[in-house]
Amino acid sequence: MATYDDKIVGHIIYVEGKIIANNGKEHKIAAFGPVSVLPEYQHKGIGSKLITHTAQLAKEMGYPAILIYGEPEYYKRFGFKLSKEYGITNRDKKYPAAMQVWELYPDALKGIEGIYDEGGIYEIDPIELQEFEKGFPVKEKKHTTTQERFLELVSKFI
């Protein structure tokens, strides 16, 4: 979480996922998403600091790599590469254009190819979501161009 004058201006959420290697062995990795910064605080390096700081924490915790779904042009500056370069697919054994991996130390994933499994952490029950949202003021829902680009990338395969 990033704060400014006791106000939360950004956050990043991590989960633990795993790569189920082709030989059946499971390898834990870290995954994040979303990372977000309030619009009026964007383009000030807050998102980058959240990513680099938490990547260091993940490394210290022993995770060999981080996997994300995001805009390749943005995330490559941190060291993320397309998952296809590592032979890591989604559950459907496809390579979404948005799926990227960052090895936290050299050759951390050497010889590990397989399927990324994020578990059920991102599965949402629509009824539970509706109940949860009742606790917040009504807000107009809209899609931004970055959200549209994300949807395009996760549905495009390489």
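Structure: see above.
Quick notes on the rules
Residues numbered from 1 in each chain as written. Predicted model: local features only at pLDDT ≥ 70, side-chain atom pairs only at ≥ 80, totals over all residues. Heavy atoms only, no water. Helix = DSSP H or I, 4+ residues; strand = E, 2+ residues; numbered from the N terminus. Rg over C-alpha atoms; globule rule 2.2 N^0.38 Å. Contact = heavy atoms within 4.5 Å. Areas by Shrake-Rupley, 256 points an atom, 1.4 Å probe, with all protein chains shown as cover. Lys, Arg positive; Asp, Glu negative; His and termini not counted. Charge placed at Lys NZ, Arg CZ, Asp CG, Glu CD. Patch = residues over 30% accessible without salt bridge, like charges linked within 9 Å, V, L, I, M, F, W, Y side chains within 5 Å. Salt bridge = Lys/Arg side-chain N within 4 Å of Asp/Glu carboxyl O. Buried < 20%, exposed > 50% of the residue type's maximum accessible area, 1.4 Å probe, protein only. Pairing = 2+ DSSP bridges. Right-handed = clockwise from strand over helix to strand, strands pointing away.

Re the overall build of the protein
- Counting its regular elements, the protein contains four helices and eight strands.
- Reading the protein from its N terminus to its C terminus gives the helix and strand order β-β-β-α-β-α-β-β-β-β-α-α.
- A compact globule built from 158 residues should have a C-alpha radius of gyration of about 15 Å, and the protein, at 17 Å, falls within 12% of that.
- The dimensions of the protein, computed from C-alpha atoms along their principal axes, are 50 × 35 × 25 Å.
- Considering only contacts in the protein between residues 6 or more positions apart, those separated by 24 or more positions represent 66%.
- Only carbon and sulfur atoms are counted for the fraction: they give 54% of the accessible area of the protein, which is about 10700 Å².
- Measuring between centres, the 21 positive side-chain charges of the protein sit 4 Å from its 23 negative side-chain charges.

What to know about a nonpolar patch on the surface
- Residues I124, L129, F132 and F136 make up a contiguous nonpolar surface patch of roughly 430 Å² in combined accessible area.
- Assessed through its relative accessible area of 48%, F136 is described here as partly exposed.

As for the pairing of strand β3 (residues 26-37)
- Relative to β3, strand β2 (residues 7-21) runs antiparallel, the two sharing ten bridges. The residue bridging K18 from the neighbouring strand is K28, located in β3.
- Where β2 folds back on β3, the antiparallel hairpin that results is connected by four residues, among which G24 adopts a positive phi of roughly 95 degrees.
- Where β3 meets strand β4 (residues 65-69), two bridges bridge the pair, whose relative direction is parallel. Of the residues in β4, the one forming a bridge with A31 is L67.
- Tracing the backbone out of β3, into helix α1 (residues 46-60) and back to the parallel element β4 gives a crossover that is right-handed.

Considerations on the side chain of T54
- With respect to the helices and strands, the residue T54 is situated in helix α1.
- On the basis of relative accessibility, which here comes to 13%, the residue T54 falls in the buried class.
- With residues up to four places along the chain from it excluded, the contact list for T54 reads I12 and Y14.

So, the environment of A55
- Looking at the element boundaries, A55 is found in helix α1.
- C-alpha of A55 to C-alpha of A65: the two residues are ten residues apart in sequence and 8.7 Å apart in space.
- Not counting residues within four places of it along the chain, the set of residues in contact with A55 comprises Y14, I66, W102 and L104.

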